[in-house]
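# Understanding the architecture of this molecule
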Amino acid sequence: MLKIFNTMTQKKEEFKPMHENRVKLFVCGPTVYDNSHVGHARTYISFDVIARYLKYNGFSVFYLQNITDVDDKIIKRALELNIDPVKLARKFEKKYMEDMKLLGVENVNLYARATEHVPEIIQQINTLIDKSFAYVTDSGVYFDISKFPDFGKLSRRNIEELTVHRIFNDSKRNPGDFALWKIKNDEPFWNSPWGVGRPGWHIEDTAITEEYLGYKYDIHGGGLDLIFPHHEAEIAQMESASGDKPMVRYWMHTGFLNVSGEKMSKSLGNFITIREILLDYAPEVFRFFVLSTHYRSPIDFSESALQQSGNSLNRIYKLIETIDELRDSNISESNENDIKYTNLLLNAKHDFLDNMNNDFNTPNALSVIFNLIRDVNRGVDDGNISKNSLIYVKNLLIEFGEILGFEFYIKPCVDDKTEDLVEVMVDVREKLRERKDWELSDLIRSRLREIDIILEDK
RNA sequence: GCCGAGAUGACCGAGCGGCUAGGUGAGUGGCUGCAGACCACUAUACUUGGGUUCAAAUCCCAAUCUCGGCUCCA
């Protein structure tokens with residue numbers, strides 16, 4: 001039984017989608033005004049695994065993500081760079097897609113741009129005005145939070161206390177009211193019944209989700225920082241417009257990625273982009289790093305943590321390698337220990353799924369993998385594990401890998417020429433070793449080492 | 001000020017009433033011409049002070065410290 005921690009209720013709840021085996025999942029996408037950083041990657045990798053696991057459980061998942069391609073930050077940046085805001089947005093959207101592909105985040109079914117849903121946005125605002133949840137002023141259209149008593153239910157806040165820090169604007173009835181439509185005539189702008197301008201930040205998500213998922217759906221995800229005010233505003237908009245609730249059955253939020261215990265931010269200069277990190281570390285190493293902490297916990301980013309992750313991951317690859325080698329050896333196809341190993345595998349699978357069912361506890365799921373590896377290694381060492389058992393082990397590891405987004409069966413690739421060349425060197429060195437010419441063979445090894453080719457004798 | 005999260009061995013990180021988490025690093029042994037890699041085994045914990053309980057890292061109370069949110073943010 002899959003349990004998900006719901007931010008709304010602050011409890012783990014059994015997961016039951018609205019429609020038997022269909023899951024409608026929406027995750028807030030990025031505002032495309034700059035390169036995405038590793039904090040974004042953390043969130044999107046987490047939801048990638050969540051989507052994978054839902055699919056693994058037989059759910060048909062429709063995963064929708066919005067792309068915020070019109071907003072103040074984009075316009076500001078475009079102005080600084082003296083380029084067209086739409087072009088700027090497209091450029092960083094493209095980079096975002098490239099980053100996600102590199103990270104193996106590939107389960108999103110549909111990306112929806114805000115700018116391509118302006119009619120839907122206008123329609124939803126109209127509904128809110130018709131139902132008196134929103135009002136028009138000369139600066140825009142605002143949502144009247146006094147008409148929505150549930151405002152604050154997700155973040156568990158007291159609205160009165162919030163007014164202190166809100167943006168003051170004379171035309172607003174209440175400082176906590178937020179913009180649905182901003183009347184502005186700087187690019188880009190659209191026509192609307194209330195004047196030219198652009199949508200407010202929160203309305204695109206509810207317009208987009210209503211269009212593709214309906215006004216009620218299963219899971220809404222995003223970073224912890226979006227709970228207030230963004231998700232709160234979404235609830236207000238959608239539940240007011242539809243007159244029905246709840247908009248979302250399960251709210252899921254990912255914890256922050258910190259650097260030296262502090263939240264990643266530009267002002268602190270601890271901003272690391274996905275691109276930068278992928279220069280030094282393989283995508284799967286970063287993925288392992290992300291999954292070795294529970295998705296709701298804060299995760300502290302550091303080079304040494306990534307190195308540890310790389311070494312850990314290596315342990316898994318090594319066993320796959322060992323299995324591949326033993327498959328070509330003359331160990332027995334099957335033996336009397338097969339039942340023992342079958343049970344071991346059944347248990348491992350059971351434990352793995354148990355942990356995933358427990359609000360996607362990936363760190364624990366990983367520990368199940370390592371326990372299995374230890375037991376299998378012991379069998380290999382003692383020579384009591386058969387080929388068949390080893391093949392089952394490998395298949396199970398691959399199955400786990402697919403859930404978590406690792407491709408354990410793919411070996412790191414090198415180009416053919418290099419591989420041929422290295423093979424020549426290895427052959428020569430083997431001959432030298434046969435003659436016990438240690439001096440020369442060690443020289444070859446150390447020189448190869450200098451160009452990052454590591455030779456390991458068996 | 002108001003909300004919230006957390007303090008676990010050298011490091012990362014689960015557990016959240018009884019059962020060795022796991023990984024990295026370290027040590028010992030195995031393998032090896034050597035080195036590395038690999039494999040096995042071993043050691044080292046629950047911020048502090050009270051309390052509840054037959055039993056507490058886990059529950060309660062208090063304290064200390066760290067971080068985050070309340071304004072754009074994954």
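What counts, and at which threshold
Residues numbered from 1 in each chain as written. Chains lettered and ligands numbered in written order. Predicted model: local features only at pLDDT ≥ 70, side-chain atom pairs only at ≥ 80, totals over all residues. Heavy atoms only, no water. Domains from an automatic or database assignment. Near = heavy atom within 4 Å. Polar contact = N/O pair within 3.5 Å; in protein donor to acceptor, adjacent residues only side chain to side chain. Helix = DSSP H or I, 4+ residues; strand = E, 2+ residues; numbered from the N terminus. Nonpolar A, V, L, I, M, F, W, Y, C, P; charged D, E, K, R; others polar. Pairing = 2+ DSSP bridges.

When the domains of chain A are assigned, the result is domain 1 (3-254), domain 2 (287-404) and domain 3 (416-450). Taking the mean C-alpha position of each, domain 1 and domain 3 sit 58 Å from one another.

Moving on to the protein's contact with RNA strand B. Lining the immediate environment of RNA strand B, one finds 52 residues, of which Lys73, Trp201, Leu226, Ser312 and Arg378 sit closest. A share of 68% is what sugar and phosphate atoms reach among the atoms of RNA strand B within 4 Å of the protein. A distance of 2.9 Å is found between a base nitrogen of RNA strand B and a backbone nitrogen or oxygen belonging to Gly39. In this structure, a base nitrogen belonging to RNA strand B sits 2.7 Å away from a side-chain N or O atom of Gln308. When contributions to the surface near RNA strand B are tallied by element, the ones reaching two or more residues are helix H1 (38-56), helix H5 (159-162), strand S10 (217-223), strand S13 (262-263), helix H10 (303-327), helix H12 (362-382), helix H14 (416-434) and helix H15 (438-450). The biggest single contributor to the surface near RNA strand B is H12, with nine residues. Across the surface near RNA strand B, the residue classes break down as 11 nonpolar, 23 polar and 18 charged.

On the basis of which strands lie adjacent, the open sheet formed by three strands has the order S13-S12-S14 and mixed pairing. Sheet topology places S13 and strand S14 (299-301) at the edges, where each strand pairs with a single neighbour. Bridge count between strand S12 (residues 257-259) and S13: two bridges; the pairing is antiparallel. Within S13, the position partnered with Asn258 by the bridge is Lys263.

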